[in-house]
Every structure is written in C-alpha cells, then in structure tokens.
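Observations on chain architecture
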Amino acid sequence: MRKKIIVGNWKMNKSVEESAKLATELVAACKGQAFSDKVDIGIAPTYLALDRVAGIVKGSPVKLAAQDAHWENQGAFTSKISVDMLKALGVTYVILGHSEPRTLFGETDANVNKKTVKVLAEGLIPIVCVGETLAEREGNITEKVVGTQVRAAYQGVSALDAAKTVIAYEPVWAIGTGRTASDDQAQAVHKYIRGLLKEMYGSEVAEVVRIQYGGSMKAENAAGLLTQPDVDGGLIGGASLKVDSFLGIIKAA
Ligand code: PEP
C-alpha cells in the first residue's frame, strides 16, 4: 500500500521568524503521535526560511521541501537556487511545475523536465505538479493537458527514478479559490495519471508513484479526497499556514 504524503506549500508567506514559529508548533504537535509513522509530512517554507526551519525539523517526522529549484549547480542564473544548495540544507522534496510559476512566471514543460531530471540525479524527490485550467476542464481536455504535462516532465527519466517521484494533481481552478474538485473528479484524474504511468513505465512503477491532490484541500474535505483509491496525499497551500488546519489534514490521511 502506498504511504500517504501531505506537504504544505507555504508559498510567499511568513517571515523567517513566523516560519520558525509555525515549524516549531508543527514539530511539537507531531511528536509521539501514531500518525507520524503512517504519513509522510513535508513543509515548503520560503527559501529564506529553509536554513532556520531545517534546524527545527531535524530528527522529527516533518521533512523539508523547497518550492522550486534550478537545474544547474551554479552560475549566472540570477534569482535561482540550485538543487545542490537545497541538498546541503537537508531538503527532501522539491515542488516543480506548480501552476503559479507556470501561469505567472512562464514556467515551461521543458524546464520542469530539466528540473525533474536534476532533482532525481541529486537524490531528492521531485513533486511534479500538473493540472488543467477551468477553460481546459470545460473544454473537456483535462486528460490531454495533464497527460502532456506528465509525459513532458518524465522525458528521459528511467523507470527506477520515476518510481521515486511524487505527482501532485492540482486543478488550477481549485488552487487558492476555495473551490475543491469533488472526490470523483479528483479520483478520475488520478486514475488517468496512474494509467498513463502504467503505459510509460509498467504497472510496478505506476503502483508505487504517489499522486497527491492539491487545490483548496482542508481538514473538512480531506477525508473524502484521501479515501479515493488513487489519491495518495495532498499538496496544501492555504490550510498549511496554520498548525490546526494542517494537522487536521495529516490526521485525515
Ligand atoms: C497549492 O498552491 O499547491 C495549493 C494547493 O493551494 P491551496 O491549498 O491554497 O488551494
């Protein structure tokens, strides 16, 4: 059975001090809890807070995630952070291809692919985000859009490496909008993605890759989504910014 994975994406929220406070509260809330062994937990603070938060989560069930990474180790790439740098801080997961960089900052499938390959090469775990806009859903091309994104991200990725990855299905219309995909809508796309992975890599790989749902998941709707057969966790934005709401989702998982 696939272990559930819940990751909080803090986006451009919280100062270093506030991040440290939230991470401290979360670590304390997870201490000695039975769920800590049953669910993989991650948090992705801003880059600025990674170092500080790394010290706080060390030795706890809470793992560190980054919100993006560049595919080169160093060089003239103003504003970018390398996987090497993240690795040195003890980062475990790297979120790639989130819809905000895709829609606001020109992130491309080709770049997501280069990043995925690099993150895997450095032994970290990519969380590859895919998802359709409202217009695409209404145009009945959700599978085409999501399929294209998945195929592109995994170009040149071996079956062995693909098995280590996490995919986050995040319908763009559900991110930060309070509008969640229904349990059935989420399951249908997750099942499609798993079928695609089977086509690409065979059933052994398809069965181990964890597919998170993301898009206005909160404690109140988490149980319904997380009990769908192909929903293996959540990538959480807004609801990860408070310990109680994030913990509610972790407990549901
Ligand atoms: C996200 O940005 O990955 C996300 C799922 O955000 P929210 O939970 O706020 O919709």
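A short tour of the structure in this document, coming up. (Residues numbered from 1 in each chain as written. Predicted model: local features only at pLDDT ≥ 70, side-chain atom pairs only at ≥ 80, totals over all residues. Heavy atoms only, no water.)

1. Quick look at unusual backbone geometry
Condition: Each helix corresponds to a stretch of at least 4 residues labelled H or I by DSSP, and each strand to a stretch of at least 2 residues labelled E; elements are numbered beginning at the N terminus. Exposure categories follow from relative accessible area, calculated using a 1.4 Å probe and restricted to protein chains: below 20% of the type maximum is buried, above 50% is exposed, and the middle band is partly exposed.
Of note, Lys14 is a non-glycine position whose phi angle comes to about 80 degrees, a positive value. Among the secondary structure elements, Lys14 is positioned in the loop between β1 (4-9) and α1 (16-30). Its relative accessible area of 29% is what places Lys14 among the partly exposed residues.

2. Let's talk about the packing of helix α6 (residues 109-121) against helix α8 (residues 142-153)
For any two helices packed against each other, the geometry is given by the interaxial angle and the distance between the axes. What counts is decided by this rule: To get an axis, a line is fitted to the C-alpha atoms, and for a helix only the part in contact is used. The angle between two axes follows their N-to-C directions and goes from 0 to 180 degrees. Every angle not falling under 35 degrees, over 145, or within 65 to 115 is termed oblique; those three ranges are roughly parallel, roughly antiparallel and roughly perpendicular. Here a crossing is taken to be left-handed if its near helix is turned anticlockwise relative to the far helix by less than a right angle, and right-handed if that turn runs clockwise. By the convention used here, residues are in contact when the closest approach between their heavy atoms is within 4.5 Å. Nonpolar residues are Ala, Val, Leu, Ile, Met, Phe, Trp, Tyr, Cys and Pro. Charged residues are Asp, Glu, Lys and Arg, and all others, Gly as well, are polar.
One way to put it is that α6 packs onto α8 with a least axis distance of 8 Å and a crossing angle of 40 degrees. Classified by the angle their axes make, α6 and α8 are oblique. Considering the relative orientation of α6 and α8, their crossing is right-handed. Across from Asp109, Val112, Asn113 and Thr116 in α6, the residues of α8 making contact are Thr148, Gln149, Ala152 and Ala153. Its residues placed into classes, the contact of α6 with α8 shows 3 nonpolar, 4 polar and 1 charged.

3. Thoughts on the packing of aromatic side chains
Put simply, the rule is: In this analysis, rings of Phe, Tyr and Trp, with Trp reduced to its six-membered ring, are considered paired at centre separations within 6.5 Å, and the interplanar angle assigns stacked below 30 degrees, edge-to-face beyond 60, and tilted for intermediate values.
Within the structure shown, the criterion is met by 2 aromatic pairs. A centroid spacing of 6.2 Å and a plane angle of 65 degrees characterise the contact between Tyr154 and Tyr201, whose relative ring orientation is edge-to-face. Of this pair, Tyr154 sits in the loop between α8 and α9 (159-162) while Tyr201 sits in helix α10 (residues 183-201); the two residues are 47 residues apart in sequence, bridging distant segments of the chain.

4. Some remarks on the packing of α1 against helix α13 (residues 243-252)
Put simply, α1 and α13 touch, their axes get as near as 10 Å, and they point 40 degrees apart. With respect to α13, the element α1 is oriented oblique. Crossing geometry of α1 relative to α13 is assigned as right-handed. Every residue of α13 that contacts α1 at Leu22, Glu25, Leu26, Ala29 and Cys30 is listed here: Val243, Phe246, Leu247 and Ile250.

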